[in-house]
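# Structure at a glance
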2 protein chains.
Amino acid sequence: MLIEIKHNPSNLESMEIINEALSKRAFLILVLCCKVNYEGRARSKLGLGERTVLIKGDGSFIIHQDRNLEPINWQPPKTKLSVKLENDVIKIVGMRRKPKEQLELIISTVHLISYYFGSDTKDIELAGYEEDMRHMIMNNPDLIEKGFRPTSKEYQTPQGFIDIYGKDANGKIVIIELKSRKAGINAVKQLKRYINCFLDNKEFVRGILVAPSITDDARELLENNKMEYISLDPPKELKTKTTTTLDYFN
Amino acid sequence: MLIEIKHNPSNLESMEIINEALSKRAFLILVLCCKVNYEGRARSKLGLGERTVLIKGDGSFIIHQDRNLEPINWQPPKTKLSVKLENDVIKIVGMRRKPKEQLELIISTVHLISYYFGSDTKDIELAGYEEDMRHMIMNNPDLIEKGFRPTSKEYQTPQGFIDIYGKDANGKIVIIELKSRKAGINAVKQLKRYINCFLDNKEFVRGILVAPSITDDARELLENNKMEYISLDPPKELKTKTTTTLDYFN
DNA sequence: CTGTGGATCTCGTCG
DNA sequence: CGACGAGGTCCACAG
Ligand SMILES: [Mg+2]
Ligand SMILES: [Mg+2]
């Protein structure tokens, strides 16, 4: 893999390396002392401090402090980047149209600069999502209860799409709201709104909240509204086996 | 600033440097070829590729591909990290209890390893949020309309807290829903639900959605329900002035 | 510690 | 391109 690394470059050297990396759309890594200004959807100002900056070939611009998972400032992919040197201060500016916003990095000192061209073609495999729960239930409706028959197609109300719509063994309409994480009161409210769309039907419509767990408040609200809860974990099976070695087949 | 950098270390060297960085809670940066497995709230598997990894002193564990703003895999702060070398393969594991989850990084080759101890004490100043809008309106209620008088305290309905509650010049109840970004149909639905809490009052309750802009569907839904829209941008004034130089006072 | 809701949310999907 | 909704959301705040 092609990688360039420089320790404690001068600001002039840094500017040239940054220009090189930006023009070649490399993955650029900087450790530096900087101030940061953001203006656009919101506005922010960050005083001097040492930070790690990532700039990706797709225009992602990411500034990390030494704490927290999330970057302190950022710009999404497709940001237009430019760099200039003025009075021995480096400025990297990331601009976006729509929304109009810009992130300005004012650099006093660069401790580390590196850029590389890597190969990363593999896509991630994921499981454990709401959509996985839906597939599991459609393939095995008895997970809800014996005799439950979901309709094969999505059902739309004025309030939006119902996760799963079907009928129980007695022919009663059943509306299912799925949550792949612990369900709170908002999940119950959403289910209630779907049921309200059927009020003029006269016949009782069952509402079932399906989630791995539920908060106490949500459960109370659910029962007060004569709705039901079924505990179900989202399936987490991947299509391929997970390995912890570096075999050729992975 | 103290920083260590090594280009193309052996896996044994890498393991020792990673151990050093982890034990000292440094900010660790790696560019490497790896596979990644995650298991916990969900499950994921990522095949071999070159990635950039950040591990912060607070336990944040971040894996970036060469595209997208967001990391492909991660663990939040307070993750417990460990490293080992087996058959010349480095494994870094990040574990969390509650939720129980683990992220496993299986490394074949390290291209760059660096760790540092930086100084970053400044907090960010932010503006342009819903809370800023609320303050602005409370301090200048005429922004809504002449004669509007908000109550000083928050008002809670069974549906949750109302952003701003007050009365207009005619003494009619006014409920305001704030959005700091473009408002969609969900903002309108939320406002409608608050108003429904006052239905037994008999008297008409005004609902006003305040946002910088609104989608067409949301506007239609709003008007069909006899509610109003006021266009208002969140204020973006910072307490201190933004500078684009490196003056001592910043 | 849990629950709730905002966010420069991001990102995929669908129209 | 805009609207909409899920998310391993993260994160701050309140109870
Ligand atoms: Mg749903
Ligand atoms: Mg609100």
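For every chain, the first residue of its written sequence is number 1, and the numbers climb from 1 along that sequence. Here the convention is simple: chains get letters from A, ligands get numbers from 1, in the order in which they are written. pLDDT decides what is reported in this predicted model: residues at 70 or higher carry local features, side-chain atom pairs at 80 or more are listed and counted, and totals for whole chains, interfaces and linings draw on all residues regardless. Side-chain numbers here rest on the full set of heavy atoms in the structure, without hydrogens or water.

### Examining the relation of the copies chain B and chain A
Our superposition of the copies is a least-squares fit, built on the C-alpha atoms of residues whose pLDDT is at least 70 in both. With an RMSD of 0.1 Å, the fit of chain B onto chain A corresponds to turning through 180° and sliding 0.0 Å along the axis. The symmetry that links the two subunits is that of a two-fold axis. A contact between two residues is defined here by any heavy atoms of the two lying within 4.5 Å. Taken together, the interface assignments show that 100% of the residues at the interface of chain B recur at the interface of chain A, consistent with an identical surface on both copies.

### Re the domain arrangement of chain A
The domain architecture assigned to chain A consists of domain 1 (2–117) and domain 2 (130–231). Distance between the C-alpha centres of domain 1 of chain A and domain 2 of chain A: 47 Å. Either an automatic procedure or a domain database provided the assignment from which the domain bounds are taken.

### Let's talk about the interface of chain B and chain A
The extent of an interface is frequently quoted as the accessible surface area lost upon association of the parts. Counting residues at the interface gives 77 residues for chain B, matched by 77 residues for chain A. Both faces considered, chain B and chain A share a buried interface measuring about 6700 Å² in area, 56% of it formed by carbon and sulfur atoms. Put simply, a salt bridge is a Lys or Arg side-chain nitrogen that is within 4 Å of an Asp or Glu carboxyl oxygen. Taken together, chain B and chain A are joined by four salt bridges. Among the ionic pairs, Arg51(B) bridges to Asp120(A), the shortest N-O distance being 2.7 Å. The definition of a polar contact used here is a pair of N or O atoms within 3.5 Å, where within protein one atom must be able to donate a hydrogen and the other to accept one, and adjacent residues in sequence count solely through side-chain atom pairs. At the boundary of chain B with chain A, the tally comes to 48 residue pairs in polar contact (both at pLDDT 80 or more). The way it works is that DSSP assigns letters per residue, a run of H or I at least four long becomes a helix, a run of E at least two long becomes a strand, and they are numbered from the N terminus. Top contributing element to the side of chain B that touches chain A by residue count: strand 3 (residues 43–55) of chain B, with 11 residues. Only strands joined by at least two bridges in the DSSP assignment are considered to pair. As defined by bridge partners, strand 9 (residues 125–127) of chain A adjoins strand 3 of chain B across three bridges and the pair is classed as antiparallel. Its bridge partner being in strand 3 of chain B, Leu126(A) is matched across the sheet by Ser44(B). Summed over both partners, buried area is the accessible surface (1.4 Å probe) that two parts give up on being assembled.

### A closer look at the pattern of salt bridges
Residues and elements named next belong to chain A. In total, this model carries 28 salt bridges over all chains according to the counting rule given. A salt bridge links aspartate 66 to arginine 67; its shortest N-O distance comes to 2.8 Å. Each residue is placed in one exposure class: buried if its accessible area under a 1.4 Å probe, protein chains only, is under 20% of its type's maximum, exposed if it is over 50%, and partly exposed if it falls in between. You can call aspartate 66 partly exposed: its relative accessible area is 28%. Each of Glu145, Asp168, Arg206 and Glu228 takes part in one network of salt bridges that share partners.

### Concerning the environment of Ser14(B)
All names here are of chain B. In this structure, serine 14 sits in helix 1 (residues 11–23). Between the C-alpha atom of serine 14 and that of isoleucine 90, which follows or precedes it by 76 residues, the distance is 8.2 Å. Beyond its immediate stretch of four places on either side in the chain, serine 14 contacts Pro9, Ile90, Val110 and Ile113.

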